[in-house]
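Breakdown of the fold
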Amino acid sequence: MPNPAELVAELRNSFRSGKTRPLSFRITQLRNLLRMYSEKKDEIVRALHDDLRKCPAEAIVMEIDFLVNDLKNTLWNLDQWARPEYVEKDLANLLDTAYVQREPYGVVLVIGAWNYPIQLTLLPFHGALAAGNCVLIKPSEVSAASAKLIEEIIPQYVDNDCYKVMNGGIPETTDLLKQRFDYIFYTGNTAVGKIVHAAANRHLTPVTLELGGKSPCYIDSSADIKTATKRIIWGKMTNMGQTCVAPDYLLCTKEVEKKFLETATLILREFYGPDLKRSPDLGRIVNDRHFERLQGLLEGGTVALGGDTDAHDRFMGLTVLTDVKSDAAVLQQEIFGPILPVVNVADVKEAIDYLQEREKPLALYVFSNRKADVELLLKNTSSGSVCVNDVIMQLVVDTLPFGGVGNSGMGGYHGKFSLDTFSHKKAILYKDLGLVGEVLGAAKYPPLTNGKIAYLRFMLAKRPPFLMRLVKGVLGGLGPFLGGVLALYLWQKYTQI
Ligand SMILES: NC(=O)c1ccc[n+]([C@@H]2O[C@H](COP(=O)([O-])OP(=O)(O)OC[C@H]3O[C@@H](n4cnc5c(N)ncnc54)[C@H](O)[C@@H]3O)[C@@H](O)[C@H]2O)c1
Ligand SMILES: CCCCCCCCCC=O
């Protein structure tokens, strides 16, 4: 087992060498990863099958394509995203250059989770690499085949001095977290998120925590129940419910619950045939521990649909629970499996009360054609994301940030947000050393007369953007000489006071 202190020291030396700074170097690494996903596609599909019995379609669309699309987007845009961002200024700094320059933090630790073990481990890696960091990747030990594959293939495609993989379980990760990193990106459950946060805090290391929680799904009687049911079942059964943003429970009236149950029976048959267990499109629960945990959750209510389980095969069909006691474990902990409890509410106001009393979820789903009610939910609840009239699909829009809030996490990524997450936004003011610049700023020097203070206040005062654009235009038109004359005039005018 490699020594974490040595790994981090090697990465730090590589970062200090400046190797990862040039955009051309990063682009080469990203292109190599693109080649990796194409050349190692079969191995990835096989590893995901070994870990979760993920079907090839899910492995390709939800893990490999997700990564490939992210790389393409980054490669097409990185040059532009990484450019300095010039910003507006006050009069006192009008001749100077003020801009934000993204710079890499240094050595980044990425800790992945097991449910989408390739995607969730390597997507943050893309962002950290693109931003110019050196990276240590720690895949989840729970998805052992994927972890082993990542350790094997990453060194074949990217620079070994700058990017490393370390496998291990809780003791190894605990040791790793004693090291000083410049950024930590963690995906996993909230309890461990707190451990990671505390460890990062010892070194004041900034973090992104991509956590979980119970993502509610509100349906009202105005929604097209067939389409809503299809979308909910798809989202709940994808990866056997082991998706961070899977709909966790339904919030609806008794009447909608009844319609949902009738429709769900038909949809399940349409999607997976008469015997769900034999469907090639359904995966399995990741391990026995999680299977037993899920079986325990079934005790919380009445099984209104499904309930079929096979411990030997770690299979569980979609199981809808009704009349669930409010203190049942299935309504307290994140389910992360194919169980769907129903919580009955009379109307949207009761739904909002229910949501406000609970932790902020990673996602909120609303199925409704009542625009006013949707607005009420949007305005009166907080969650990492919202998707109206579908589930999970908000993640696909990579111009939206993906992340939680409160107990479901902090920070976000995807698309350009990944580059922002892994970059420090350095503020740079490049002052003019010439005479005009000096005159514009000279009022700050003591002795501070009333005139100088008035001048300073005039120069630093906030003005509406249109006025600043006008001043800039006029000064630009006058040229530096007349601009200087104007500055001298203002200086004269104010210092005479
Ligand atoms: N927000 C997201 O993007 C996202 C994505 C996937 C999963 N999740 C959430 O993650 C949870 C499921 O994942 P999990 O937590 O079971 O995954 P997991 O068991 O794979 O743990 C995640 C990582 O934490 C490490 N870890 C575990 N215990 C640790 C400890 N005591 N100290 C230090 N490191 C430790 C593991 O080695 C692993 O790399 C769910 O709550 C789910 O909602 C969130
Ligand atoms: C087409 C839908 C793609 C969905 C990808 C889901 C990723 C989930 C990450 C959290 O567990």
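Quick look at the structure, then. (Residues numbered from 1 in each chain as written. Chains lettered and ligands numbered in written order. Predicted model: local features only at pLDDT ≥ 70, side-chain atom pairs only at ≥ 80, totals over all residues. Heavy atoms only, no water.)

**A few points about the pairing of strand E4 (residues 134–138)**
- Burial within E4 is extensive, with five of its five residues counted as buried.
- Judged by which residues are buried, E4 turns out to be covered on both faces: Cys134, Leu136 and Lys138 on one side and Val135 and Ile137 on the other are all buried.
- In the sheet, strand E3 (residues 107–111) pairs with E4 via five bridges, with the strands oriented parallel. Across the sheet, residue isoleucine 111 finds its bridge partner in E4, namely lysine 138.
- What joins E3 to E4 is helix H5 (residues 119–130), and the crossover it makes is right-handed.
- Where E4 lies against strand E5 (residues 163–165), three bridges are found, and the strand directions are parallel. Across the sheet, residue leucine 136 finds its bridge partner in E5, namely lysine 164.
- With helix H6 (residues 144–157) bridging E4 and the parallel E5, this β-α-β connection has right-handed handedness. (Buried < 20%, exposed > 50% of the residue type's maximum accessible area, 1.4 Å probe, protein only. Helix = DSSP H or I, 4+ residues; strand = E, 2+ residues; numbered from the N terminus. Pairing = 2+ DSSP bridges. Right-handed = clockwise from strand over helix to strand, strands pointing away.)

**Digging into the site of ligand 2**
- Around ligand 2, a shell composed of Met62, Phe66, Asn115, Tyr116, Gln119, Leu120, Thr243, Cys244, Ile392, Leu395 and Val396 is seen.
- Within the side chain of asparagine 115, an N or O atom sits 2.9 Å from an oxygen atom of ligand 2.
- Contact between ligand 2 and cysteine 244: an oxygen atom at 2.8 Å from a main-chain N or O atom of the residue.
- Alone, ligand 2 offers 370 Å² of accessible surface; in the complex the protein occludes 93% of this.
- Counting only elements with at least two residues in the shell around ligand 2, the list comes to helix H4 (56–81) and H5.
- Of the residues contributing to the shell around ligand 2, the split by class is eight nonpolar, three polar and no charged. (Near = heavy atom within 4 Å. Polar contact = N/O pair within 3.5 Å; in protein donor to acceptor, adjacent residues only side chain to side chain. Areas by Shrake-Rupley, 256 points an atom, 1.4 Å probe, with all protein chains shown as cover. Nonpolar A, V, L, I, M, F, W, Y, C, P; charged D, E, K, R; others polar.)

**Some remarks on a nonpolar patch on the surface**
- Together, Leu378, Val386 and Val388 make up an exposed nonpolar region whose accessible area comes to about 190 Å².
- By the element assignment, valine 388 lies in strand E16 (residues 385–388).
- Overall, valine 388 belongs to the partly exposed group, its relative accessible area being 35%. (Patch = residues over 30% accessible without salt bridge, like charges linked within 9 Å, V, L, I, M, F, W, Y side chains within 5 Å. Salt bridge = Lys/Arg side-chain N within 4 Å of Asp/Glu carboxyl O.)

That's the geometry; what it means functionally is another story.
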